[in-house]
Amino acid sequence: MPDLLTGRHVLVTAGPTREPIDPVRFISNHSSGKQGYAIAAACAALGARVTLVAGPTALPDPDGVETIHIETARDMLAAVETALPADVFIAVAAVADWRPAQPSDRKLKLDKASFSSLPLVENPDILKTIAQMGEGRPGLVIGFAAETHDVEALAIAKRARKGCDWIVANDVSGDVMGGAENAVLLVTEAGSEAWDRAKKGRIAEQLAARIAEALD
């Protein structure tokens, strides 16, 4: 069991990104990084060489995992591309979709002129970039979909849109983001499979085992 992923390189992203507005403010989200960190640890426990590209979290680096800390979505993409090649890419991170077009190098004052309009630009789509890269693409590319409604339909659509192999979808309308448990839906070419709610560590172990099975 511990050697199921020996000789494989697994690349994981986790946590949020932070997109600066000014030196003291940023755009981000509630991701704790717990699920991504647990997946990195579970793959390492099966013998994989694991690279974890992590946004800002309060979590300690997982044992036996090379952890690269980043702040922004562009930082994350650059770190992922540098870490390639990999056998498996697992995009767990909750990447900010947008960033301020022109972050200020000074703290913005609270007046209408500063905050009545905050122009935004789209961040790079890390999952889509890796899933559709062609030569050098990891053999198995897995995305995550955090949804609050129509979870299965949106996950199926996301898998097709991004070009990834699997989507792990979850309903984050409750306490999932930051919580200790998760209930996920695994969407593959073969269909959808619901997993029972469990500790995030257990979900990670199930996913690592499925990855090993798919690579065997």
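Examining the environment of leucine 110
Right, so step 1: Residue position: leucine 110 is located in the loop between strand 7 (98-100) and helix 3 (112-115).
Right, so step 2: For the pair leucine 110 and glutamine 132, spaced 22 residues apart in the sequence, the C-alpha separation amounts to 42 Å.

Focus: the sheet that holds strand 9 (residues 140-147)
For sheets, the rule is that strands pair by backbone hydrogen bonds, running either parallel or antiparallel.
Right, so step 1: In spatial order, the strands read 5-4-1-6-9-10-12-13; together these eight strands make up an open sheet with mixed pairing. Strand pairing shows two members of the sheet lacking a second neighbour, strand 5 (66-69) and strand 13 (191-194), which therefore form its edges. On average, adjacent strands in this sheet sit at an angle of 15 degrees to one another, irrespective of strand direction.
Right, so step 2: With four bridges joining them, strand 10 (residues 166-171) and strand 12 (residues 184-188) adopt antiparallel strand pairing.

Quick look at the nonpolar core
Right, so step 1: By size, the foremost hydrophobic cluster in this structure holds 36 residues, and its most contacted members are Cys43, Val50, Ile90 and Ile211.
Right, so step 2: Listed by contribution, the elements that provide at least two residues to this core are strand 1 (9-14), helix 1 (34-45), strand 4 (49-54), strand 6 (88-91), strand 9, strand 10, strand 12 and helix 6 (200-215).
Right, so step 3: Not counting residues within four places of it along the chain, the set of residues in contact with cysteine 43 comprises Leu5, Val10, Ala48, Val50, Ile90 and Ala208.
Right, so step 4: Counting 26 residues, the second largest nonpolar core, distinct from the first, contains Ile70, Leu84, Ala91 and Ala145.

Regarding the pairing of strand 10
Walk down a regular strand and you will see the side chains alternate between the two sheet faces.
Right, so step 1: For strand 10, the tally of buried residues reaches five of six residues, placing the bulk of the element in the interior.
Right, so step 2: Two elements, strand 9 and strand 10, share six bridges in a ladder whose sense is parallel. Along strand 10, the bridge assignment pairs isoleucine 142 with tryptophan 166.
Right, so step 3: Following the chain from strand 9 across helix 5 (residues 151-162) to the adjacent parallel strand 10, one finds a crossover that is right-handed.

Some remarks on the pairing of strand 12
Right, so step 1: The buried fraction of strand 12 is high, at five of five residues.
Right, so step 2: The alternating pattern of strand 12 places Val184, Leu186 and Thr188 on one face and Leu185 and Val187 on the opposite face, and all of these are buried.
Right, so step 3: Here strand 12 pairs with strand 13 via four bridges, running antiparallel. Bridge pairing links leucine 186 to glutamate 193 in strand 13.
Right, so step 4: Counted between consecutive antiparallel strands, the loop separating strand 12 from strand 13 contains two residues.

Criteria and cut-off values
Residues numbered from 1 in each chain as written. Predicted model: local features only at pLDDT ≥ 70, side-chain atom pairs only at ≥ 80, totals over all residues. Heavy atoms only, no water. Helix = DSSP H or I, 4+ residues; strand = E, 2+ residues; numbered from the N terminus. Pairing = 2+ DSSP bridges. Axes fitted to C-alpha atoms, helices over the stretch in contact; angles between N-to-C directions. Core = buried A, V, L, I, M, F, W, Y, C linked by side-chain atoms within 4.5 Å. Buried < 20%, exposed > 50% of the residue type's maximum accessible area, 1.4 Å probe, protein only. Contact = heavy atoms within 4.5 Å. Right-handed = clockwise from strand over helix to strand, strands pointing away.

What is shown is where atoms sit, not what they do.
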